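Understanding the architecture of this molecule
What follows is each chain in one-letter form.
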Amino acid sequence: MQEDLDAPARKRAHNLAHDLVEKLTQSILLGQLSPGDKLPSENAIVQEHGVSRTVVREAISKLQASGLVETRHGIGTFVIERAAEQGLRLNVDTALGVRSILELRMGLETQAAALAAQRRSEQQLLQMRQALDDYQRLLDSNDSCVEADRRFHLLIAEATGNVCFSEIMQHLGNAMIPRNRLNAAERGAADLSKLGQLANLEHEAILNAIKRQDPDAARAAMWLHLTNSRDRFSAQG
């Protein structure tokens, strides 16, 4: 009888540990915690997330099993360098490769945008806003805005609450930003500043839909953005 009474408590603890693993994994995949960084102490995680020590220990154990962290006894738990993935190989160094990646993203990120509109937090919304502000500032000063562009799309993946979206986007890395991949011969006389400005207008439409929590509009805005990106670069190919 006692085992039956304890089962719901064990299930709640397991679900809390799963949620904590998701949050910590997102921080690692988004670069908020980099290889070599030390995770907050057990006490700090307990206080920040409002969970028990048992939950924290189970979550850390799962992160260790996933190869994301290692615990050094008496020192703490540290993020470790992820081994290179061998299962997914993508050719992204040519114009054809860029178009192929954009077609992949059209399927992946339209759904991510819709889920983000339903699930995003106010903090995530502020981070997206900052990414686009950084993008525009860098564009205006003729600096590379690739990092801000990539950050915006990664934040949308994070806001889905589904770590699989973040993992795939993280694997793509800077390859997800087309103008970062084309070499000078393929770009020709293309005005990348103008392309960047057009892209950011489309980003704003995506962000506005996510802010309104309108999944259909977010999906449509992301589809338009990625379709336009594909067509712009196809016209130059």
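The structure under discussion appears in the preceding block.
First things first, this report covers the structure right here in the doc.

Cut-offs used in this document
- In every chain, residue numbers begin from 1 and rise along the written sequence.
- At least 70 in pLDDT is required for a residue's local features to be given in this predicted model, at least 80 for side-chain atom pairs to be given and counted, and no such filter applies to totals for whole chains, interfaces and linings, which use all residues.
- Side-chain measures were taken over the full set of non-hydrogen atoms in the model, leaving aside hydrogen atoms and water.
- Strands here are runs of E lasting at least two residues and helices are runs of H or I lasting at least four, both read from the DSSP assignment and numbered beginning at the N terminus.
- Three exposure classes are used, based on accessible area relative to the maximum for each residue type with a 1.4 Å probe and protein chains only: buried under 20%, partly exposed in between, and exposed over 50%.
- We call two residues in contact when some of their heavy atoms are within 4.5 Å.
- Angles here are taken between N-to-C directions and fall from 0 to 180 degrees, while the axes themselves are lines fitted to C-alpha atoms, restricted in helices to the stretch in contact.
- In these notes the angle categories are as follows: under 35 degrees is roughly parallel, over 145 is roughly antiparallel, 65 to 115 is roughly perpendicular, and the rest is oblique.
- When the near helix sits turned anticlockwise from the far one by under a right angle, the crossing is termed left-handed; a clockwise turn instead gives a right-handed crossing.
- Each residue is assigned to one of three groups, with Ala, Val, Leu, Ile, Met, Phe, Trp, Tyr, Cys and Pro labelled nonpolar, Asp, Glu, Lys and Arg labelled charged, and all others, Gly among them, labelled polar.
- Pairing of N or O atoms within 3.5 Å defines a polar contact, subject to two protein rules: one partner must be a possible hydrogen donor and the other a possible acceptor, and residues neighboring in sequence count only if both atoms are side-chain atoms.
- Each nonpolar core is a collection of buried residues, namely Ala, Val, Leu, Ile, Met, Phe, Trp, Tyr and Cys, held together in the definition by side-chain atoms within 4.5 Å.

1. Comments concerning the overall build of the protein
Along its length, the protein carries 10 helices and 2 strands. Counting helices and strands in the order they occur from the N terminus, the protein gives α-α-α-β-β-α-α-α-α-α-α-α. Scored against the burial criterion, the 237 residues of the protein give a buried share of 42%. For the protein, contacts bridging at least 24 residues in sequence account for 72% of all contacts bridging at least 6.

2. Here's the deal with the packing of helix α5 (residues 122–140) against helix α6 (residues 146–159)
At a closest axis distance of 8 Å, the pairing of α5 and α6 adopts a crossing angle of 165°. As far as their axial angle goes, α6 and α5 are roughly antiparallel. Here the hand of the crossing between α5 and α6 comes out left-handed. Counted together, Gln 124, Gln 127, Met 128, Gln 130, Ala 131, Leu 132, Asp 134, Tyr 135 and Leu 138 of α5 and Ala 148, Asp 149, Arg 151, Phe 152, Leu 155, Ile 156, Glu 158 and Ala 159 of α6 form the full contact between these two elements. Taken together, the residues that form the contact of α5 with α6 break down as 10 nonpolar, 3 polar and 4 charged.

3. Quick look at the environment of Met 222
Along the polypeptide, Met 222 turns up in helix α10 (residues 215–236). Taking the relative accessible area as the measure of exposure, Met 222 reaches 0% and is therefore buried. Along the chain, Met 222 and Ala 113 lie 109 residues apart, while their C-alpha atoms are 6.7 Å from each other. With sequence-adjacent residues up to four places away left out, Met 222 is seen in contact with Glu 109, Thr 110, Ala 113, His 153, Ile 156 and Ile 206.

4. Some points on the side chain of Thr 110
Within the secondary structure, Thr 110 is located in helix α4 (residues 95–119). In terms of polar contacts, Thr 110 uses its side chain to reach the backbone carbonyl oxygen of Met 106, at 2.7 Å. A polar contact of 3.4 Å, which involves the side chain of Thr 110, links it to the backbone oxygen of Gly 107. Dropping the residues within four chain positions of it, Thr 110 is found in contact with Arg 105, Arg 219, Met 222 and Trp 223.

5. What about the nonpolar core?
In this structure, Met 128, Phe 152, Ile 156, Ile 206 and Ile 210 are the most contacted members of the largest nonpolar core, which totals 31 residues. Contributing elements (two or more residues each) for this core: α4, α5, α6, α7 (163–172), α9 (192–211) and α10. The element that contributes the greatest number of residues to this core is α4, accounting for 9 residues. Contact partners of Ile 156, with chain neighbours within four places excluded, come to Ala 112, Ala 113, Ala 116, Met 128, Ile 206, Ile 210 and Met 222. Leu 33, Val 55, Ala 59 and Leu 68 belong to the second largest nonpolar core, which has 18 residues in total.

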